[in-house]
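Close look at the chain arrangement
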Amino acid sequence: MTIEMILLAASSGNWFSVMCEVLVLVLIIGSIMVLILENNNPTKTLAWIMALIFLPGIGLIAYFLIGKDYRHKKTISDADREQIARVPYRNYDEQQLVPSPLPTDHSRVMEMMRRTNHAVPLYGNEVEIYTTFDGMFNALLESIEQATDHIHIQFFKIENDPVGNQLADLLIRKAEQGVDVRLMYDDAANIQVSRQFYKKMSNRGVLVQPFLKLNFPFIGRDVNCRNHRKIVIVDGKVGFTGGMNIAQRYRTGNKHGIWRDTHLRIIGPAVSELQITFLSDWRFANGQLIDGERFFPKVNSKSNSLVQVVGDGPMDRWDVIMQGFVQLIQQSRQYVWIQTPYFMPTEPIITAMCNAALSGIDVRLMIPERGDKGILNPLASRANLETVLEAGVKVYFYKKGFLHAKTIVVDDKVTSIGSTNIDFRSLEQDFECNAFLYDPDLAIRQKNIFLDDANDAISIDLPTWRQRSWWEKFKEGIARLFSPLM
């Protein structure tokens, strides 16, 4: 789209074409001005400007669909959130609440997330870490079987396959027994799932709610704000969160091998924080405000782990989980080990990783050798590896299958496990949930999981990495330019 093209169309007398081209040009210029005025991440802004200039038609459509900034909005009002949270906040006693000043080496990150996200760090939790789908799924089914009052379940993907139907049949049976069952799923992520799959549950008593429902022709102003959380709460006493969705491939793997992921079960006061996140999402998606004593019973556990549940999203003022990661990396004294399926880091993350490695911290990054979708994601993930390798980060390619775990462990003291990938979409655009576990035993457990996975991975050194072909480097460079939009 150039001025010469418009003048050429005008000279030929095709005024309708002129008007259309002028309109497109005005929209492109206006969109670029809005991007600049929003004053967002310069890398992301530049990527959108390039898309608008060099792919004007596609870029303009994509910008209006997925490029808008929604930080002026809120999922729910402060008053609604306070009403949902009034019972648990009243129930927290002095033994559960972390006193001030915070008594840990990571007090600053805890306080930052409490102030910016209302994320309350709570003692008295029993935490189980799962690295196999069957282990997690069996525990989930057992907890649901024992439900007597309510089941709240939210996944990014719930597929219409043997695993999905096994869960659906159990939820239907519990609903028919009189248990309140609420199911929420991300509509865009499940667009290929038959509507009959959800209708079957809805017709038999399960309260089914899509998050940010897509309408024909699959366009909506919030289409890019996907809910990537994985949260289950049973009777307000048992909670699950982490990286696993509900799909057969989590059990049997894909063409590259096993599907390696990490998930958590929490029993204790921190379950109430998962409940607040779920009920806030339900209020936003459904319009129904749910609160009360029955959803927030007092829970005693067999352990005393300190847990801080953080749920953030694109409509929050701060990118809290990303800021938590950055602060953990900056405060590390011995090591930082990260697992992520996609490595398209924001500038604060990659800077923190490089600074830590350059200062002598043992920084390790593990990503899958092969991607799970298309070619752009793995190319974009590899595009940043030379930078971190130069800084001294140790990089591993997981070869046994697809590594979908999203974890970080620091200094045998703290670990974070959840749904957040190290990429622009998770860190800035999606609704995510991570549990920050300030417990040396759990940190060492996660450290050993990383070491076990390293046995099924290969390490990449800088000289070898630099020897890849110019064509591979070129493809990675192109993918990197558009990684903020993925």
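Data block above holds the structure.
Values in this document were obtained by computation on a predicted structure and should not be read as measured data.

Between the first and last C-alpha of helix α5 (residues 78-91) there are 20 Å, a value that for 14 residues agrees with the 20 Å anticipated at 1.5 Å per step. Along its length, α5 reaches its greatest deviation from straightness, about 50°, at Ala-85, and the proline Pro-88 lies no more than four positions downstream. The elements touched by buried residues of α5 are α6 (107-117) and α11 (271-286).

Taken as a whole and assessed by the stated rule, the structure comprises 25 salt bridges. We note a salt bridge from Arg-251 to Asp-134, for which the minimum N-O separation is 2.8 Å. Of this pair, Arg-251 sits in helix α10 (residues 249-252) while Asp-134 sits in helix α7 (residues 133-145), and the two are 117 residues apart along the sequence. The partly exposed category is assigned to Arg-251, whose relative accessible area is 33%.

Among the secondary structure elements, Ala-391 is positioned in helix α15 (residues 385-391). Note on Ala-391: relative accessible area 9%, which makes it buried. Taking the C-alpha atoms as reference points, Ala-391 and Ser-359, 32 residues apart in sequence, are found 9.2 Å from one another. Apart from residues lying up to four places away in sequence, Ala-391 is in contact with Cys-354, Ala-357 and Leu-358.

Before going further, it helps to examine the nonpolar core. When a protein is soluble and globular, its nonpolar side chains tend to lie buried together. By size, the foremost hydrophobic cluster in this structure holds 46 residues, and its most contacted members are Met-353, Leu-385 and Val-388. Those residues in contact with Met-353 that lie beyond four places of it in its chain are Ile-329, Ile-338, Phe-343, Val-363, Leu-365, Val-388 and Val-393. Membership of the second largest hydrophobic core comes to 45 residues, among which are Phe-137, Ile-153, Ala-175 and Ala-247.

Relative to the helices and strands, Asp-281 resides in helix α11. Classification of Asp-281 as buried rests on a relative accessible area of 2%. Reaching out from Asp-281, the side chain makes a polar contact with the side chain of Gln-154 at a distance of 3.0 Å. Each residue touching Asp-281, except ones within four places of it in the same chain, is listed here: Gln-154, Met-184, Phe-211, Asn-227 and Arg-229.

A separate point is the packing of aromatic side chains. Inspection of the entire model under this criterion finds 16 aromatic pairs. Ring centres of Phe-197 and Tyr-198 lie 5.1 Å apart, and the angle between their planes is 70°; this geometry places the pair in the edge-to-face category. A relative accessible area of 3% places Tyr-198 in the buried class. Their ring planes at 45° and their centres at 4.8 Å tell us that Tyr-335 and Trp-337 sit as a pair that is tilted. Of the residues examined, Tyr-335 reaches a relative accessible area of 4% and is grouped as buried. Judged by relative accessible area, Trp-337 falls into the buried class, the value being 4%. Within the aromatic cluster, the residues linked to one another by ring pairs are Phe-133, Phe-137, Tyr-250, Trp-259, Tyr-342 and Phe-402. Its guanidinium or amino end placed over the ring of Trp-318, Arg-317 lies 4.3 Å from that ring's centre, counting from NZ or CZ.

Taking 1.5 Å of rise per residue, 15 residues should cover 21 Å, and helix α8 (residues 162-176) covers 21 Å from first to last C-alpha, within 8% of that figure. Within α8, burial applies to Val-163, Gly-164, Leu-167, Ala-168, Leu-170, Leu-171, Ile-172, Lys-174 and Ala-175. Of the surrounding elements, those touching the buried residues of α8 are α7, β2 (150-155), β3 (180-186), α9 (195-203) and α10. Its side-chain oxygen 3.1 Å from the backbone nitrogen of Val-163, Asp-161 forms the N-cap of α8. Once α8 finishes, Gly-178 follows within two positions and takes phi at roughly 100°, a positive value.

Turning our eyes to something else, we now look at the pairing of strand β4 (residues 207-211). In this sheet, β4 lies alongside β3 in parallel orientation, the contact comprising five bridges. Following the sheet pairing, Asp-186 is matched in β4 by Phe-211. The parallel pair β3 and β4 is bridged by α9, and the resulting crossover is right-handed.

A few words now on the side chain of His-152. Among the structural elements, His-152 can be located in strand β2. Only 3.1 Å separates the side chain of His-152 from the side chain of Arg-182, close enough to count as a polar contact. One polar contact links His-152 to Gln-275, side chain to side chain, over a distance of 2.8 Å. Those residues in contact with His-152 that sit more than four places away from it in its chain are Arg-182, Ile-231, Val-232, Ile-233, Gln-275, Phe-278, Leu-279 and Phe-295.

Turning our eyes to something else, we now look at unusual backbone geometry. Of note, the phi angle at His-118 is positive, near 60°, even though the residue is not glycine. Its place among the elements puts His-118 in the loop between α6 and β1 (122-130). A positive phi angle is found at Asp-235, which is not glycine, with a value near 55°. Looking at where Asp-235 falls in the secondary structure, it is placed in the loop between β5 (231-234) and β6 (238-242). Take Asp-235: its relative accessible area is 11%, and that puts it in the buried class.

Moving on, we come to a nonpolar patch on the surface. On the surface, Trp-470, Trp-471 and Phe-474 cluster together to form a nonpolar patch covering roughly 410 Å² of accessible area. The topology assignment puts Trp-471 in helix α19 (residues 470-481). Given the relative accessible area of 42%, Trp-471 is considered partly exposed.

Turning next to the packing of α6 against helix α12 (residues 320-331). Contact geometry of α6 with α12 gives a least axis separation of 9 Å together with a crossing angle of 170°. By the criterion of interaxial angle, the relationship of α6 to α12 is roughly antiparallel. Relative to α12, the crossing made by α6 is right-handed. For the pair α6 and α12, contact is made by Arg-108, Val-109, Met-112, Met-113, Thr-116 and Asn-117 and by Val-320, Gln-323, Gly-324, Gln-327, Leu-328 and Gln-331, respectively. Here the residues of the contact of α6 with α12 are counted per class, giving five nonpolar, six polar and one charged.

About the criteria used
- Residues numbered from 1 in each chain as written.
- Predicted model: local features only at pLDDT ≥ 70, side-chain atom pairs only at ≥ 80, totals over all residues.
- Heavy atoms only, no water.
- Helix = DSSP H or I, 4+ residues; strand = E, 2+ residues; numbered from the N terminus.
- Expected span 1.5 Å × (residues − 1).
- Bend = angle between axes of the 7 residues up to and from the residue.
- Contact = heavy atoms within 4.5 Å.
- Salt bridge = Lys/Arg side-chain N within 4 Å of Asp/Glu carboxyl O.
- Buried < 20%, exposed > 50% of the residue type's maximum accessible area, 1.4 Å probe, protein only.
- Core = buried A, V, L, I, M, F, W, Y, C linked by side-chain atoms within 4.5 Å.
- Polar contact = N/O pair within 3.5 Å; in protein donor to acceptor, adjacent residues only side chain to side chain.
- Phe/Tyr/Trp six-rings, centres within 6.5 Å; stacked < 30°, edge-to-face > 60°.
- Lys NZ or Arg CZ within 6 Å of the ring centre and 35° of its normal.
- Pairing = 2+ DSSP bridges.
- Right-handed = clockwise from strand over helix to strand, strands pointing away.
- Patch = residues over 30% accessible without salt bridge, like charges linked within 9 Å, V, L, I, M, F, W, Y side chains within 5 Å.
- Areas by Shrake-Rupley, 256 points an atom, 1.4 Å probe, with all protein chains shown as cover.
- Axes fitted to C-alpha atoms, helices over the stretch in contact; angles between N-to-C directions.
- Parallel < 35°, antiparallel > 145°, perpendicular 65-115°, else oblique.
- Left-handed = near helix turned anticlockwise from the far one by under 90°.
- Nonpolar A, V, L, I, M, F, W, Y, C, P; charged D, E, K, R; others polar.

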